[in-house]
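One-letter residues, chain by chain:
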There are 2 protein chains.
Amino acid sequence: MFVDIIIKFGGSAVTVKDKLETLKDDELTNACCIVKNFLQHNKRIVIVHGAGSFGHHQAKQFNVNAGFTSEDTKLGFCMTRVSVTKLNNIIVNRLCQNGVNAVGIPAFGCWKTDNRKVIQHNIEIVNDVLANGFVPVLHGDCVFDTTSGCIILSGDTIIKTISKQNDVRNVIFFTDVDGIYDKSPQDKDAKLISDIAVEENRSISEDISTKRSNIDVTGGMELKIDTAKDIVIDSQGRSTVFVCNVLSDPSTIFNTDSVFNGTIIRFKK
Amino acid sequence: MFVDIIIKFGGSAVTVKDKLETLKDDELTNACCIVKNFLQHNKRIVIVHGAGSFGHHQAKQFNVNAGFTSEDTKLGFCMTRVSVTKLNNIIVNRLCQNGVNAVGIPAFGCWKTDNRKVIQHNIEIVNDVLANGFVPVLHGDCVFDTTSGCIILSGDTIIKTISKQNDVRNVIFFTDVDGIYDKSPQDKDAKLISDIAVEENRSISEDISTKRSNIDVTGGMELKIDTAKDIVIDSQGRSTVFVCNVLSDPSTIFNTDSVFNGTIIRFKK
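Residues numbered from 1 in each chain as written. Chains lettered and ligands numbered in written order. Predicted model: local features only at pLDDT ≥ 70, side-chain atom pairs only at ≥ 80, totals over all residues. Heavy atoms only, no water.

Asks: Would you mind going over the sheet that holds strand E5 (residues 117-120) of chain B with me for this structure?
Replies: Strands belonging to one sheet form pairs held by backbone hydrogen bonds; the direction of such a pair is parallel or antiparallel. Residues and elements named next belong to chain B. Ordered in space as E5-E4-E7-E8, the four strands form an open sheet in which the pairing is mixed. With one partner strand each, in any of the chains shown, E5 and strand E8 (149-153) form the two edges of the open sheet. Averaged over all neighbouring strand pairs, the angle between strand axes comes to 45°, with direction disregarded. Against the sheet, helix H4 (residues 71-97) contacts strand E7 (141-145) and E8, and its axis sits at roughly 145° relative to E7. (Pairing = 2+ DSSP bridges. Helix = DSSP H or I, 4+ residues; strand = E, 2+ residues; numbered from the N terminus. Axes fitted to C-alpha atoms, helices over the stretch in contact; angles between N-to-C directions. Contact = heavy atoms within 4.5 Å.)

Here's what the structure looks like:
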């Protein structure tokens, strides 16, 4: 199915990552306004959000990502799901309050992995929801894994899987910084990279020093770049990835008359 | 799959029906304690809950049950879902807090009806979740209908569908009264009926005056009896239905040494 935009609401973009179950209220509302703006331009949209401070705490406490190592892990699995579905409920509610016909679609139950590799998904349901004129809102979730019992399925894996199955034109990552920088954005002389060209062999045109900085400081940018690489290479350039600030101005973002203030990642043939 | 017990948390049992999104806290906790007690006796359990004051208000306001009559209805559909999934999150959380490995499984997306008749469901997922040692928690939800666009799928329809597909031994309805009475339980001389025998032709052994009383006063008992009839007739007596108070003592309920204080509905061959 044709999808104009998959939007990722990053965990650090819409929640305060180190404060248990704490929202970034203004950021979430702005993200919803941007979505509404796209819909007014008749874009077909899928939203995927991270967990941030909803779920991560419980997942870490019970080491859910290691599988069902004990009976305790099962309760930890459930409590992690309670937290991420709570965030999903809040985000879907906020979207509705902003006039978006949003519906939550958990991965649990439908998605399954074997040794961390997706072997089952519910993209046919996502597409059915889109065809009925709704905005599906998926999220990072705990799912069953046929090898270890369970894993944490990341929002990025969900985006990559949807991109493989569908004809997705744009993938936007909303983050808590303006885009991808040549070094940690906390460094005074860090420069925003406006364009990154990805080659078939995964090499990129820019030197990015994420590896040398704390991954939390950069908001998991390295993983984001890896996901972006997969998307543009797998689609052979049909999909373009954008990384930008969740507080971007809804009226100018991706307006053809204005300059995009963020990072564009494209496939270089 | 063999299921020991499907438990319905009635909307009026765990929420204050006429107060928007208001829980009955003690009742919900007691229901969770009863579930925990059953699990300690190694029972395989499915929970289904109603909406009560979560969802009903929004569904009524937007007339969601009539289908997608306007673009507004779509937003009403989404807002109804936000409310019922909020209740699901609260119930699953409370179950976890009581040591139950509970996971929410919405009907939306997976279940579909045609002209109000179920043509698609996710019982294979429910069974997978059971086989993995978890307690699935389903709920009344809004789903797509191929004729009218959408309908409200009741928890009772979900229970009947699961009962048809599985080998279900007991179905328990938790309500805000002690069981089924011969007239409205608010009448001073109303008597609790301890046993109801249902015949193949749907006739029952007792004269119940629900038709003559306000359906809200009796807590929708007529619908409950109809659901119970379907379950015991469809299963040809393999399933027995119990109606009892959500505040029943967790340690004595269905204890073979104690008398069951409620209504038992059985198939009469």
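Once you've had a look at it, read on.
Asks: Looking at this model, I keep getting lost on helix H2 (residues 25-40) of chain B. Mind explaining?
Replies: Side chains that are three or four residues apart share a direction in an α-helix, a result of its 3.6 residues per turn. All names here are of chain B. Between its terminal C-alpha atoms H2 stretches 23 Å, which fits the 22 Å expected from 16 residues at 1.5 Å a residue. Buried within H2 we find Glu27, Leu28, Asn30, Ala31, Cys32, Ile34, Val35, Asn37 and Phe38. At the C-terminal side of H2, Asn42 shows a positive phi close to 60°. (Expected span 1.5 Å × (residues − 1). Buried < 20%, exposed > 50% of the residue type's maximum accessible area, 1.4 Å probe, protein only.)

Asks: Hey, could you run me through helix H5 (residues 123-131) of chain A in this one?
Replies: All names here are of chain A. Within H5, seven of the nine residues are buried, which leaves it mostly tucked inside the rest of the structure. When H5 is considered as a whole, its buried residues turn out to be Ile123, Ile125, Val126, Asn127, Asp128, Val129 and Leu130. Two residues or fewer past H5, Gly133 is found with a positive phi of approximately 85°.

Asks: Would you explain the interface of chain A and chain B in this entry?
Replies: Accessible area lost upon the coming together of the parts serves often as the stated size of an interface. Across the boundary between the two partners, chain A contributes 34 residues, which contact 34 residues of chain B. Carbon and sulfur atoms make up 66% of the area that chain A and chain B hide from each other, which totals about 2,600 Å². Taken together, the connections running from chain A to chain B amount to two salt bridges. A salt bridge links Lys112 of chain A to Asp128 of chain B; the nearest nitrogen and oxygen atoms lie 2.8 Å apart. Across the contact surface, chain A and chain B share 10 residue pairs in polar contact (both at pLDDT 80 or more). Every element with two or more residues in the side of chain A that touches chain B is listed here: helix H4 (71-97), strand E3 (102-104) and H5 of chain A. Looking at the side of chain A that touches chain B, the element that brings in the most residues is H4 of chain A, giving 14 residues. Considered class by class, the residues forming the side of chain A that touches chain B number 19 nonpolar, nine polar and six charged. (Buried area = accessible area lost by both parts, 1.4 Å probe. Salt bridge = Lys/Arg side-chain N within 4 Å of Asp/Glu carboxyl O. Polar contact = N/O pair within 3.5 Å; in protein donor to acceptor, adjacent residues only side chain to side chain. Nonpolar A, V, L, I, M, F, W, Y, C, P; charged D, E, K, R; others polar.)

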